[in-house]
Amino acid sequence: MFLPAGLWSQSEAKYHYTGSDGTRLYLPLGKISFADSVASFNLGTPKPVKKFRDANQALGKPNYTAYRSPDFVSLGCEGEIVLAFTNNGFMNLGGADLFVLEVGPAKEKTRVEISSDGETWTFAGIAEGASAKLEFSDEKIDSTTVFHYVRLTDMQDQCDGITAGADIDAIAAINSVIELSINADVLFDVDKWELKPTANEILQQFVEAIAIVDQGTIRIDGHTDSDGDNDYNFRLSQNRCTSVAQRLNKLITHSNSFDYDLNAFGEESPKVTNDTDENKQINRRVEIRLFPPKSYYENLKK
């Protein structure tokens, strides 16, 4: 979403950032949306001069000030950097999915790949220009997978000068997601939907993870194993979702701008086959995810 700076209210400022070309960028979950760790960095050849080789300059929010200031990292010709999102992930959801923020007068092309585990990679697109936004292909990129890694590879457009290769200021996941998967046995007794007294300690992990986010949709998915009647399992997972939502609503005190989306699956979406006690325990689970607010996706349709 791109809008002139003058159209944003003061309350919205924390969701907006500016690329090196002056483009205003909207991130519905704010500052948590940026990559926060360097998984690997392989300089290309020719290399940029030393002061532009700090891979950590690609982390966090964009901080570009001037072309000759070392507040970005240059990859070198055909260089490669892998950035990780450790406090959140991102998904292929509505609208654009990633911003790749580059700097400098040249518009170097960068190959962008994404991964959920840092090992298996999926092509996500080509970034070109100072504020490149990528919208993932629905045909090629699964919409249920949470990704945690982005790999950028310079495509050898500009291989000379003191900042050889693509110059990366930041990378932001527009469709950021914070997730927590909990074994249901930790939260509930067998065939019960009332939370155990110790459940607060577990749910507090999610509350702390979203402490720097003050808006969004909290999706709660309830799952059971295959023991018992299918209708009973559906009602059990439905009641458990409600119990978790009610408790989170009490535990979250830093903001009241969260919506809840409850989804009962019963035994219909197992992670593994229900053929052993160990597998059944894996399938009995509650999955909690924070997504951008529903209003963000509604506005995309207008």
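Residues numbered from 1 in each chain as written. Predicted model: local features only at pLDDT ≥ 70, side-chain atom pairs only at ≥ 80, totals over all residues. Heavy atoms only, no water.

Undergrad: Please explain the packing of helix 2 (residues 199–209) against helix 3 (residues 230–251) as it appears in this structure.
TA: The axes of two packed helices give the description: the angle between them and the distance between them. Between helix 2 and helix 3, whose axes approach to 10 Å, the crossing angle comes to 65 degrees. Overall, the two elements helix 2 and helix 3 adopt an arrangement that is roughly perpendicular. Here the hand of the crossing between helix 2 and helix 3 comes out right-handed. On helix 3, the residues touching N200, L203, Q204, F206 and V207 of helix 2 are V244, R247, L248 and L251. Tallied by class, the residues present in the contact of helix 2 with helix 3 amount to 6 nonpolar, 2 polar and 1 charged. (Axes fitted to C-alpha atoms, helices over the stretch in contact; angles between N-to-C directions. Helix = DSSP H or I, 4+ residues; strand = E, 2+ residues; numbered from the N terminus. Parallel < 35°, antiparallel > 145°, perpendicular 65-115°, else oblique. Left-handed = near helix turned anticlockwise from the far one by under 90°. Contact = heavy atoms within 4.5 Å. Nonpolar A, V, L, I, M, F, W, Y, C, P; charged D, E, K, R; others polar.)

Undergrad: Before we go on, may I ask you to explain helix 3 in this structure?
TA: The α-helix advances 3.6 residues per turn, and as a result positions three or four apart in sequence lie on the same side. Between its terminal C-alpha atoms helix 3 stretches 32 Å, which fits the 32 Å expected from 22 residues at 1.5 Å a residue. Taken together, the buried positions of helix 3 are occupied by N233, L236, S237, R240, C241, S243, V244, A245, L248 and L251. Packed against the buried residues of helix 3 are helix 1 (184–187), helix 2, strand 14 (216–223), strand 15 (258–266) and strand 16 (285–291). (Expected span 1.5 Å × (residues − 1). Buried < 20%, exposed > 50% of the residue type's maximum accessible area, 1.4 Å probe, protein only.)

Undergrad: Looking at this structure, how should I read helix 2?
TA: Of the positions making up helix 2, those classed as buried are A199, L203, F206 and V207. One side of helix 2 holds all its buried residues, which, seen down the axis, span an arc of 100 degrees. Residues E201 and E208 are exposed on helix 2 and point more than 90 degrees away from its buried face. (Arc of directions from axis to C-beta.)

Undergrad: What am I meant to see in the pairing of strand 9 (residues 122–128) here?
TA: Taken together, the 6 bridges between strand 8 (residues 109–115) and strand 9 define a ladder with antiparallel strand orientation. Bridging across to strand 9, I114 finds its partner in T122. Hairpin remark: strand 8 followed by strand 9, antiparallel, with 6 residues in the connecting loop; positive phi at G118, about 80 degrees. (Pairing = 2+ DSSP bridges.)

Undergrad: Hey, could you run me through the sheet that holds strand 5 (residues 80–84) in this one?
TA: Each strand in a sheet pairs with its neighbour through backbone hydrogen bonds, running either in the same direction (parallel) or in the opposite one (antiparallel). On the basis of which strands lie adjacent, the open sheet formed by 5 strands has the order 3-5-11-8-9 and antiparallel pairing. Both edges of this open sheet fall to strand 3 (37–42) and strand 9, since each of them pairs with a single strand only. Across the sheet, the mean angle separating the axes of adjacent strands is 20 degrees when strand polarity is ignored.

Undergrad: Just checking my understanding: could you explain the domain arrangement of the chain for this structure?
TA: Accessible area lost on assembly of the parts is the figure often given for the size of an interface. Partitioning the chain into domains gives domain 1 (8–174) and domain 2 (178–301). When each unit is reduced to the centre of its C-alpha atoms, the spacing between domain 1 and domain 2 is 32 Å. Taken together, the contact between domain 1 and domain 2 spans 18 residues of the former and 15 residues of the latter. For the pairing of domain 1 and domain 2, the buried interface totals around 1300 Å² over both sides, and the portion due to carbon and sulfur atoms is 65%. (Domains from an automatic or database assignment. Buried area = accessible area lost by both parts, 1.4 Å probe.)

Undergrad: Looking at this structure, I do not really get unusual backbone geometry. What am I missing?
TA: Phi is mostly negative for residues that are not glycine, and the peptide bonds are mostly trans. The omega angle of the peptide bond from T45 to P46 is 0 degrees, so this bond is cis rather than trans. Topologically, P46 is positioned in the loop between strand 3 and strand 4 (73–74). Its identity as a non-glycine residue notwithstanding, Q156 has a phi of 65 degrees, on the positive side. Tracing the backbone shows Q156 in the loop between strand 11 (149–154) and strand 12 (167–173). Of note, the phi angle at D191 is positive, near 65 degrees, even though the residue is not glycine. Take D191: its relative accessible area is 44%, and that puts it in the partly exposed class.

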